[in-house]
Amino acid sequence: MTKLQISINYSQSMISVEEALRIVLENQLPDQIIEVPLLEANGKVLAENIFADRDFPPFNRVAMDGIAINMSFLSVISEGDKLLIENIQFAGEPQKTMSGNGNCMEVMTGAILPENTDTVIRYEDLDFTEIEGRKYAIVNIPLSEPGQNVHHQGIDKSAQSLLIQQGTKISPAEIAIMATVGKDYCKVKAAPAVAVISTGDELVDIHENPENHQIRRSNSYMLAAALSESGIKARLYHLNDDPEKLENRLRIILAANDVLILSGGVSAGKKDFVPQIMENLGVKKLFHKVSQKPGKPFWFGKSEYGKIVFALPGNPGSTFLCFYKYVKPFFSGLKQETLKKAVLSDKIFFRQELTLFVPVTTRCNEEAALIATPLKNSGSGDLAVLLSCDGFLELPASEAIFEEGKSFSYINFK
């Protein structure tokens, strides 16, 4: 059994994880509705209900290639019965009528079922012969139940029934349904304008060769990639730790965007200017510092014009956790927290009254329960551990010993 023991300092000035999430979700942006062409709607959130314009399927549809018969008249089909083929009904043709109750018509998959027929026998269960220039189908299996191999009108959905509810994230399945009902345009929630901003003199761009005292930017690219999963294309910026230039650039960026997501500059260091600059720019602090590890210095605010600012700690583990715990639910439109559960595989001791988010790898046991195994790491600066990590197990601040086999909330990001 692995024992993970952690000890850190604690400050009474922080708010709880639950309170921080509540504040974030209470300040979600009002929906902006736009109409887009159907093929541009994939991945967006539907902003209207979609109804069936006619029955699904709209007619009695042939489900298998074969012959159509009037089973209600014939009552029983015995092996070896021979049926005269009157005609053939292709998909896309107007409905034809079979005149002889004891005859049959060839039918193709997707065709409307001919009038005066109610059952289809597939080709695999038939032989064919020709007598005096007339073609006959010979049945190889007995049959007594009508309706076989017919996709009956309205059995899936009836006309005017609700097919897709507003608020649904649109996938190729929803695209297919909307195409079926003739929606060449649909209403969706407009993606907000989002800026992702990394700060810090120690950071260089990914195409540069860093000096010994520098590292390449990664948080901003991670955040942009994570936002793209929600259909949001972010603008990326990097700002150095010059307070005057930082404030001037942030003023411009704030004016041009609905949401700012910053990484770095929010702790208690000599160059952590972001909280004061946000105050200077008229962004009201809604909270600063959350009783959690990692991500304690997390700052969140809102301007008088409704602009939202997430200022996340700069360590990659903190940035990563705060995005999936707070930022993603903010954009997804959740009104309350929705988390999976996972079972802790190893006992953990945690000596401070903070909510601990533990990077874990997961598997399902024989009972289909999700088992979470803590990963050894060197703290919130350990970027490499995220490669092996499936998500974070959330261990509440009310406990100090977390027993093996106990279930906890789990944030999944893979």
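For the structure itself, consult the block above.
Residues numbered from 1 in each chain as written. Predicted model: local features only at pLDDT ≥ 70, side-chain atom pairs only at ≥ 80, totals over all residues. Heavy atoms only, no water.

Engineer: Looking at this model, I keep getting lost on the side chain of Asp-241. Mind explaining?
Structural biologist: Counting through the fold element by element, Asp-241 comes out in the loop between strand 17 (235–239) and helix 5 (243–256). By relative accessible area, Asp-241 is classed as buried at 16%. Sequence-distant contacts of Asp-241, defined by excluding residues within four places in its chain, comprise Thr-199, Gly-200, Asp-201, Lys-271 and Phe-273. (Helix = DSSP H or I, 4+ residues; strand = E, 2+ residues; numbered from the N terminus. Buried < 20%, exposed > 50% of the residue type's maximum accessible area, 1.4 Å probe, protein only. Contact = heavy atoms within 4.5 Å.)

Engineer: Sorry, what's going on with helix 4 (residues 219–228) here?
Structural biologist: Residues lying three or four places apart along an α-helix face the same way, a consequence of the helix completing one turn every 3.6 residues. Burial of helix 4 is extensive: seven of the 10 residues sit out of reach of the surface. Buried within helix 4 are the following residues: Asn-219, Ser-220, Met-222, Leu-223, Ala-224, Ala-226 and Leu-227. Contacts made by the buried residues of helix 4 are with strand 14 (194–199), strand 17, strand 18 (259–263), strand 22 (308–312) and helix 7 (316–332).

Engineer: Sorry, what's going on with the environment of Ile-411 here?
Structural biologist: With respect to the secondary-structure elements, Ile-411 resides in strand 29 (residues 407–412). Assessed through its relative accessible area of 4%, Ile-411 is described here as buried.

Engineer: I would appreciate a short explanation of the sheet that holds strand 8 (residues 119–122) in the present structure.
Structural biologist: Adjacent strands of a sheet pair through backbone hydrogen bonds, lying either parallel or antiparallel. Strand order in this open sheet of six strands is 8-5-7-6-10-9, and the pairing throughout is mixed. Strand pairing shows two members of the sheet lacking a second neighbour, strand 8 and strand 9 (126–131), which therefore form its edges. The sheet shows a mean angle of 40 degrees between the axes of neighbouring strands, direction not considered. Bridge count for strand 6 (residues 82–89) against strand 10 (residues 134–139) is three bridges, and the pairing is antiparallel. Bridge pairing in strand 10 links Leu-83 to Ala-137. (Pairing = 2+ DSSP bridges. Axes fitted to C-alpha atoms, helices over the stretch in contact; angles between N-to-C directions.)

Engineer: Would you mind going over the packing of aromatic side chains with me for this structure?
Structural biologist: How two aromatic rings sit relative to each other is set out by the distance from centre to centre and by the angle between their planes. Scanning the entire structure with this criterion turns up 15 aromatic pairs. With a centroid separation of 6.0 Å and 45 degrees between ring planes, the pair formed by Phe-392 and Phe-413 is classed as tilted. With a gap of 21 residues between them, Phe-392 in strand 27 (residues 391–395) and Phe-413 in the segment after strand 29 connect regions that are remote in the sequence. Three or more aromatic residues joined by ring pairs form one cluster here, namely Phe-287, Phe-298, Phe-300, Phe-310, Tyr-326, Phe-330 and Phe-331. The lysine or arginine in question, Lys-135, covers the ring of Phe-128, its NZ or CZ lying 5.1 Å from the ring centre. (Phe/Tyr/Trp six-rings, centres within 6.5 Å; stacked < 30°, edge-to-face > 60°. Lys NZ or Arg CZ within 6 Å of the ring centre and 35° of its normal.)

Engineer: Whenever I open this one, helix 7 confuses me. Can you help?
Structural biologist: The terminal C-alpha atoms of helix 7, which comprises 17 residues, lie 22 Å apart, in line with the 24 Å expected from a rise of 1.5 Å per residue. The largest bend in helix 7 is about 45 degrees, located at Phe-323. Of all 17 residues in helix 7, 15 are buried, a share of seventy percent or more. After helix 7 finishes, the residue Gly-333 shows a positive phi value of roughly 85 degrees. (Expected span 1.5 Å × (residues − 1). Bend = angle between axes of the 7 residues up to and from the residue.)

Engineer: Explanation requested: the sheet that holds strand 17 in the structure shown.
Structural biologist: Spatially, the six strands line up as an open sheet ordered 17-14-18-22-21-19, and their pairing is mixed. Each edge of the sheet is formed by a strand with only one pairing partner; in this case those strands are strand 17 and strand 19 (283–288). Looking at each pair of strands side by side, their axes are set apart by 20 degrees on average, direction ignored. On the sheet, helix 4 packs against strand 14, strand 17, strand 18 and strand 22 and is oriented at approximately 160 degrees with respect to strand 14.

Engineer: Before we go on, may I ask you to explain the pairing of strand 26 (residues 370–374) in this structure?
Structural biologist: Along a regular strand, successive side chains alternate from one face of the sheet to the other. Pairing of strand 23 (residues 340–344) with strand 26 involves two bridges; the strand directions are parallel. By the bridge assignment, Val-343 is partnered in strand 26 with Ile-371. With five bridges joining them, strand 25 (residues 355–364) and strand 26 adopt antiparallel strand pairing. Its bridge partner lying in strand 26, Val-360 is registered against Pro-374. Remark: five residues form the turn of the hairpin made by strand 25 and strand 26, two consecutive strands paired antiparallel; Ala-368 in that turn has positive phi of roughly 70 degrees.

Engineer: Any chance you could explain the nonpolar core here in plain terms?
Structural biologist: The tendency in soluble globular proteins is for nonpolar side chains to be buried as a group. Counting residues in hydrophobic clusters, the biggest one holds 40 residues, and the most contacted among them are Leu-227, Ile-261, Phe-298, Phe-310, Tyr-326 and Phe-331. Put simply, the parts of the chain that give this core at least two residues each are helix 1 (17–26), strand 14, helix 4, strand 18, strand 22 and helix 7. With sequence-adjacent residues up to four places away left out, Phe-298 is seen in contact with Phe-287, His-288, Lys-289, Val-290, Phe-310, Ala-311, Leu-312, Pro-313, Cys-322 and Tyr-326. (Core = buried A, V, L, I, M, F, W, Y, C linked by side-chain atoms within 4.5 Å.)

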